[in-house]
Amino acid sequence: MKKLYALLLSLPVVCSAYGRDYHNEWGLTYSQFTVPQFAYVFGGILGVAFSLGNFTFENMIIPGAISLEYTHYANNIFGFGGTLTSDSMTADKYTGKDGDKTYDGKFQMAFLSVMPHVKIGWFDNPHFGMYSKVAAGGAFQLGGGADAGGITFAAQLSPVCMDFGGDSLRGYLELGLGMQGIVSLGIKKRF
């Protein structure tokens, strides 16, 4: 336990040993398995179960979430910025049983999230770095029935994030949970 405690205390010193040649970055991210996607799929399953099969979703399309991020680094460890995320889902609605199904149109739901974020750097080598990210803000819901037009809490916790590539252009992978999903892939420009 003492070794783990010593490692955690020395992390900022290790991180600060790697100087940054940049202070800003823009990122474009594609994500899957977001909280709204889980809610959409789970809601469809519950709708079918509680209606005893009289209400069904078919042809469900979940293209994934797209995010645009900006981060400013105050020092070698700490960065802050904002994330704008768009996530949408659609499906065909049907009522009735198999022999007497009626098409009730499209069910569409989309979220536009705005979340300030903080990044904490683990290390930043010339071609590989690791960090953690926490974001919290609000999401505006478009479509989806009675909740449409409402604003709800939005967050993302990504404890394990890594970037790789050159000094100014890098790809990245983030693993977490929230409005940007469990798996996020992207590309960022550092300057």
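These remarks concern the structure in this document. Predicted model only: the values in this text are computed from it and were never measured.

Reading guide: rules and limits
- Residues numbered from 1 in each chain as written.
- Predicted model: local features only at pLDDT ≥ 70, side-chain atom pairs only at ≥ 80, totals over all residues.
- Heavy atoms only, no water.
- Salt bridge = Lys/Arg side-chain N within 4 Å of Asp/Glu carboxyl O.
- Helix = DSSP H or I, 4+ residues; strand = E, 2+ residues; numbered from the N terminus.
- Buried < 20%, exposed > 50% of the residue type's maximum accessible area, 1.4 Å probe, protein only.
- Phe/Tyr/Trp six-rings, centres within 6.5 Å; stacked < 30°, edge-to-face > 60°.
- Lys NZ or Arg CZ within 6 Å of the ring centre and 35° of its normal.
- Core = buried A, V, L, I, M, F, W, Y, C linked by side-chain atoms within 4.5 Å.
- Contact = heavy atoms within 4.5 Å.
- Pairing = 2+ DSSP bridges.

### Remarks on the pattern of salt bridges
In a structure, side chains of opposite charge can pair up when their charged atoms sit close to one another.
Point 1. Throughout the structure, instances matching the rule amount to twelve salt bridges.
Point 2. Among the ionic pairs, lysine 119 bridges to glutamate 25, the shortest N-O distance being 2.8 Å. Of this pair, lysine 119 sits in strand E5 (residues 102-124) while glutamate 25 sits in strand E1 (residues 24-32), placing them 94 residues apart in sequence.
Point 3. Among the residues examined, lysine 119 registers a relative accessible area of 2% and is labelled buried.
Point 4. Of the residues examined, glutamate 25 reaches a relative accessible area of 2% and is grouped as buried.
Point 5. Among the salt bridges present, the one from arginine 170 reaches aspartate 163, with a minimum N-O distance of 2.7 Å. Of the two residues, arginine 170 and aspartate 163, neither departs from the other in class, the shared state being buried.

### Re the packing of aromatic side chains
Point 1. Within this structure, the stated rule accounts for five aromatic pairs.
Point 2. With 5.1 Å between their ring centres and 50° between their planes, tryptophan 26 and tyrosine 70 make a pair best called tilted. With tryptophan 26 in strand E1 and tyrosine 70 in strand E3 (residues 65-73), the pair connects residues that are 44 residues apart, well separated along the chain.
Point 3. Taking 6.1 Å as the distance between ring centres and 35° as the angle between the ring planes, the aromatic pair formed by phenylalanine 78 and phenylalanine 80 counts as tilted.
Point 4. Accessibility expressed as a relative area gives 32% for phenylalanine 78, which makes it partly exposed.
Point 5. Looking at lysine 101, its charged tip hangs above the ring of tyrosine 94, at a distance of 5.1 Å from the centre.

### Examining the nonpolar core
Point 1. By size, the foremost hydrophobic cluster in this structure holds twelve residues: Tyr40, Phe57, Met89, Ala91, Phe107, Met109, Phe111, Met115, Ala135, Ala139, Ala154 and Met179.
Point 2. Going through the elements one at a time, strand E4 (78-95), E5 and strand E6 (128-143) are the ones with two or more residues in this core.
Point 3. It is E5 that contributes the most residues to this core, four residues altogether.
Point 4. Once residues within four sequence positions are removed from consideration, alanine 154 is found in contact with Ser113, Met115, Ala135, Ala136, Gly137, Gly138, Ala139 and Met179.

### Structural notes on the pairing of E4
Point 1. As defined by bridge partners, strand E2 (residues 55-61) adjoins E4 across five bridges and the pair is classed as antiparallel. Across the sheet, the residue bridging to phenylalanine 55 is threonine 95, located in E4.
Point 2. Inspection of the sheet shows E3 paired to E4 by eight bridges, in the antiparallel sense. Of the residues in E4, the one forming a bridge with leucine 68 is leucine 84.
Point 3. Across 17 bridges, the pairing between E4 and E5 is antiparallel.

### Describing the pairing of E1
Point 1. In terms of strand pairing, E1 meets E3 through eight bridges, oriented antiparallel. Residue pairing for E3: asparagine 24 is matched across the bridge by histidine 72.

### Considering unusual backbone geometry
Point 1. Phi angles above zero are rare outside glycine, and phenylalanine 33 is one such case at about 65°.
Point 2. Within the secondary structure layout, phenylalanine 33 lies in the loop between E1 and helix H2 (35-50).
Point 3. Although it is not a glycine, asparagine 59 sits at a positive phi angle of roughly 55°.

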